[in-house]
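Coordinate inspection notes
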Amino acid sequence: MIAFGIDLGGTKIEAAALYPDGTFAARVRRQTPTDYPSTLEAIAGVLEEAEQQAGARAARLGVGGPGSVNPHTGRMRNANSTWLNGRTLPEDLTRRLGRPVRYANDADCLAVSEARDGAAAGRDPVFAVVLGTGVGGGLVMDGRLVSGANGIAGEWGHCPLPAPTPLETPGPDCWCGRQGCLETWLSGPALANHDGRGLTAEAIVARASKADPHARDSLSHHAERLARGLASVVNLLDPGAIVLGGGLGGMPGLAEGLADRIRPHVFSDDWRCEILRPRFGDSSGVRGAAWLWDQ
């Protein structure tokens, strides 16, 4: 049976249809609107186009995107696409599309995709990290997505930075209302703020590749903080693989040197864990959404 998924991003919505072997039967992209009714209609539109391309109708739909659904109320929360918060998105989509919808955070979808047949296939547990405009995480154990009793498992970006130095205390203000969240240290905007020259994260990486000492220092601080943050995950969950997704996750040299940075903070005399980049890149989100009904 062909599986259908939607990746609801901040700038684009992507619909895809996948054959059982994971190859694409259809892919459609459209710009993401900035209000709720238009978002519902845009999802319906890309799904219809994907169905036409695939020559099949979606019996059910998986959707990955920002935030998560409160399992007690059915309402969205924690989405940086703020027009989604407080809405009963899966219920409203089910009604609009006339078929059942399952929703998960985009980092959860990354974890599902990469653990199923991606870079982390055959490893367990798998912790997937999104390092981009925001910071998130997803956890797959025994081949199953772990959502938690309250639907917030993997919300690693809103844990505090471990072992902060005096200069890192209390930490930058976070949009969630707290201070010093990992997102305020590890996101793209956080890297730009640390560098302090008004450059984008992409520009900092480019300058570092040309031996700019200030840019290299900024990336070194970022990697060291990332290692401290991931060490707390390692000590709690002991993953067999960590997948680094998002725009910053693919920075040259980050995955290769990260294990050595994490190791001093891990409570083990012989710690082993693979640090991987996603096999499917930015396709992992929509692939994971399509497989949500298998979870």
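Everything that follows concerns the structure shown earlier in this document.
Summarised in this report is the structure supplied together with it. (Residues numbered from 1 in each chain as written. Predicted model: local features only at pLDDT ≥ 70, side-chain atom pairs only at ≥ 80, totals over all residues. Heavy atoms only, no water.)

1. Things to note about the overall build of the protein chain
- For the protein chain, the helix and strand inventory stands at ten helices and twelve strands.
- The C-alpha extent of the protein chain, read off along each of the three principal axes, is 55 × 40 × 40 Å.
- Counting over 295 residues, the protein chain shows a buried share of 53%.
- Taking the intrachain contacts of the protein chain between residues at least 6 apart in sequence as the baseline, contacts between residues at least 24 apart amount to 62%. (Helix = DSSP H or I, 4+ residues; strand = E, 2+ residues; numbered from the N terminus. Buried < 20%, exposed > 50% of the residue type's maximum accessible area, 1.4 Å probe, protein only. Contact = heavy atoms within 4.5 Å.)

2. Quick notes on the sheet that holds strand S1 (residues 3-8)
- Across the sheet, which stays open at both edges, the five strands sit in the order S3-S2-S1-S4-S7 with mixed pairing between neighbours. Among the strands making up the open sheet, the edge pair consists of strand S3 (24-31) and strand S7 (101-105). Within this sheet the neighbouring strands show an average axis-to-axis angle of 15°, counted without direction.
- As paired strands, S1 and strand S2 (residues 12-18) are joined by six bridges and run antiparallel to one another. Within S2, the position partnered with Ala3 by the bridge is Leu18.
- This element, helix H1 (residues 36-54), spans S1, S2, S3 and strand S4 (61-65) of the sheet and lies at about 150° to S3. (Pairing = 2+ DSSP bridges. Axes fitted to C-alpha atoms, helices over the stretch in contact; angles between N-to-C directions.)

3. Side note on the sheet that holds strand S11 (residues 241-245)
- Pairing in this open sheet of five strands is mixed, and the strands run S10-S9-S8-S11-S12 from one edge to the other. Each edge of the open sheet carries a strand with a single partner, namely strand S10 (144-145) and strand S12 (274-276).
- Pairing geometry for S11 and S12, over three bridges, is parallel. Considered in S12, the bridge of Val243 is made with Leu276.
- The sheet strands contacting helix H3 (residues 106-117) are strand S8 (126-131), strand S9 (135-141), S10 and S11, and the helix crosses S9 at an angle near 40°.
- Of the strands in this sheet, S8, S9 and S11 are in contact with helix H7 (residues 213-237), which crosses S8 at around 155°.

4. Considerations on the packing of helix H6 (residues 201-209) against H7
- Closest axis-to-axis distance for the H6/H7 pair is 8 Å, and the angle between their directions is 115°. Crossing of H6 over H7 shows left-handed handedness. Residues Ile204, Val205, Arg207 and Ala208 of H6 lie in contact with H7, whose contacting residues are Ala215, Arg216, Ser218 and Leu219.
- Taken together, the residues of the contact of H6 with H7 break down into five nonpolar, one polar and two charged. (Left-handed = near helix turned anticlockwise from the far one by under 90°. Nonpolar A, V, L, I, M, F, W, Y, C, P; charged D, E, K, R; others polar.)

5. A look at the pattern of salt bridges
- Evaluated as defined, the whole model comprises 21 salt bridges.
- In this structure, Lys12 engages Asp7 in a salt bridge whose closest nitrogen and oxygen atoms are separated by 3.0 Å.
- In the salt-bridge network here, residues are joined through shared partners; they are Asp7, Lys12, Glu14, Arg27, Arg29 and Asp282. (Salt bridge = Lys/Arg side-chain N within 4 Å of Asp/Glu carboxyl O.)

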